[in-house]
Amino acid sequence: VVLFGHGTSDGREVRFNLPGPDIGPADFGVMLDRLAVERLVFVNTTSASGDFVKALSGPKRTILTATRTAAERFDTRFGGHFVEAFASEAADTNKDRRVSVLEAFLYARAQVQRSFEQEGFLQTEHALLDDDGDGEGVQEPGVTVPDGRAAAAVYLGVPPLTTASGAPIADPALRGLYQARVELERQIQELAQRFNAPEQFV
């Protein structure tokens, strides 16, 4: 679930703005609880989105917000860079030709910071990620700390079926082997998370 648009806060509750009644974290919580999924990724790219972390955090959930608090109310830049990450070779830091949710978050966070620095403005948004279910988002997740391990093994969309050189795989047998490899890599990442292993497997 990825939200684009505008968020607001009245000092008591944050909301995602829509035509008609706006939707708050509690409303999203009810809807998300109905989804029968192995892992849920919820990304709120709007302003004043930080409070969504605590409200929606839970087991097998990866929550990303563009801001760390409801007080960061200015239009955000995080969403554009988050989308850009999935088409950027620079975001694919482990060079497996796929961009994980963690890699997309780190890329977008860095690009936001860079853009404010280049323009000489005070940074008005600080993105958070929570994927260990403790309700506390962090600005610097990774595979060697609790927040970030699950996001490193989650990908949006279907991985491309290409060779190491980027050429499409036409042979059905090779395509099957590639898909099996992708599934094994996913299982290895999950095992590494369970045993708190910091290593990345490529």
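Shown above is the structure to which this text applies.
Reading guide: rules and limits
Residues numbered from 1 in each chain as written. Predicted model: local features only at pLDDT ≥ 70, side-chain atom pairs only at ≥ 80, totals over all residues. Heavy atoms only, no water. Helix = DSSP H or I, 4+ residues; strand = E, 2+ residues; numbered from the N terminus. Contact = heavy atoms within 4.5 Å. Areas by Shrake-Rupley, 256 points an atom, 1.4 Å probe, with all protein chains shown as cover. Salt bridge = Lys/Arg side-chain N within 4 Å of Asp/Glu carboxyl O. Buried < 20%, exposed > 50% of the residue type's maximum accessible area, 1.4 Å probe, protein only. Lys, Arg positive; Asp, Glu negative; His and termini not counted. Patch = residues over 30% accessible without salt bridge, like charges linked within 9 Å, V, L, I, M, F, W, Y side chains within 5 Å. Phe/Tyr/Trp six-rings, centres within 6.5 Å; stacked < 30°, edge-to-face > 60°. Lys NZ or Arg CZ within 6 Å of the ring centre and 35° of its normal. Axes fitted to C-alpha atoms, helices over the stretch in contact; angles between N-to-C directions. Parallel < 35°, antiparallel > 145°, perpendicular 65-115°, else oblique. Left-handed = near helix turned anticlockwise from the far one by under 90°. Nonpolar A, V, L, I, M, F, W, Y, C, P; charged D, E, K, R; others polar. Core = buried A, V, L, I, M, F, W, Y, C linked by side-chain atoms within 4.5 Å. Pairing = 2+ DSSP bridges.

Draft legend 1. Broad picture of the overall build of the chain. Assigned secondary structure in the chain consists of 5 helices and 6 strands. At a minimum sequence separation of 6, the contacts of the chain that also span at least 24 residues come to 53%. Carbon and sulfur atoms make up 56% of the accessible area of the chain, which amounts to about 11000 Å² in all.

Draft legend 2. Highlighting the pattern of salt bridges. Overall, the coordinates contain 7 salt bridges when judged by the stated rule. With its nearest N and O atoms 3.3 Å apart, the salt bridge here joins R15 to E13. Residue R15 is classed as partly exposed on the basis of its relative accessible area of 28%. Residue class for E13 comes out partly exposed when judged on its relative accessible area of 31%.

Draft legend 3. Structural context of the side chain of D130. By the element assignment, D130 lies in strand 6 (residues 128–130). Nearest to the buried, unbridged D130 among oppositely charged side chains is R39, at 8.6 Å. Every residue in contact with D130, bar those within four places of it in the chain, is listed here: V53, S57, R61, T62, I63, G135, E136, G137 and D147.

Draft legend 4. Seen up close, a nonpolar patch on the surface. A cluster of nonpolar side chains, contributed by V2, F4, V83, F86 and L156, occupies part of the molecular surface with about 400 Å² of accessible area. By the element assignment, V2 lies in strand 1 (residues 2–3). Residue V2 is classed as partly exposed on the basis of its relative accessible area of 37%.

Draft legend 5. Region of interest: the packing of aromatic side chains. Under the definition given, this model contains 7 aromatic pairs. Between F82 and F86 the ring centres are 5.3 Å apart and the planes differ by 85°, which places this aromatic pair in the edge-to-face class. Here F82 falls in the buried class, since its relative accessible area comes to 2%. An aromatic cluster of at least three residues, connected via ring pairs, comprises F16, F28, F42 and F52. Over the aromatic face of Y155 sits the side chain of R98, whose NZ or CZ is 4.1 Å from the ring centroid.

Draft legend 6. Just the packing of helix 3 (residues 78–85) against helix 4 (residues 101–119), in detail. Helix 4 packs onto helix 3 with a crossing angle of 135° between their chain directions and a minimal axis gap of 8 Å. As far as their axial angle goes, helix 4 and helix 3 are oblique. For the crossing formed where helix 3 meets helix 4, the hand is right-handed. Across the interface between the two elements, F78, H81, F82, E84 and A85 from helix 3 touch V101, A104, F105, Y107, A108, R109, Q111 and V112 from helix 4. Grouping the amino acids of the contact of helix 3 with helix 4 by side-chain chemistry returns 9 nonpolar, 2 polar and 2 charged.

Draft legend 7. Summary view of the nonpolar core. Ranked by internal contacts, the top residues of the largest apolar core, which has 23 residues, are L64, F78 and F82. Counting residues per element, the ones that place at least two in this core are strand 4 (40–44), helix 3 and helix 4. At 8 residues, helix 4 tops the list of elements feeding residues into this core. Dropping the residues within four chain positions of it, F78 is found in contact with V43, T45, L64, A66, F105, A108, R109, V112, E125 and A127. In terms of nonpolar packing, the next biggest core, distinct from the first, is built from 14 residues, L40, F42, L56 and L128 among them.

Draft legend 8. Representation of the sheet that holds strand 6 in the model. Ordered in space as 1-4-5-6, the 4 strands form an open sheet in which the pairing is mixed. The sheet is open, and its two borders are formed by strand 1 and strand 6, each paired with just one other strand. Here strand 4 runs beside strand 5 (residues 61–65); their pairing, made up of 5 bridges, is parallel. Residue pairing for strand 5: V41 is matched across the bridge by T62. Strand contacts of helix 1 (residues 25–33): strand 1, strand 4 and strand 5, with the helix running at about 155° to strand 4, the strand carrying the most contacts.

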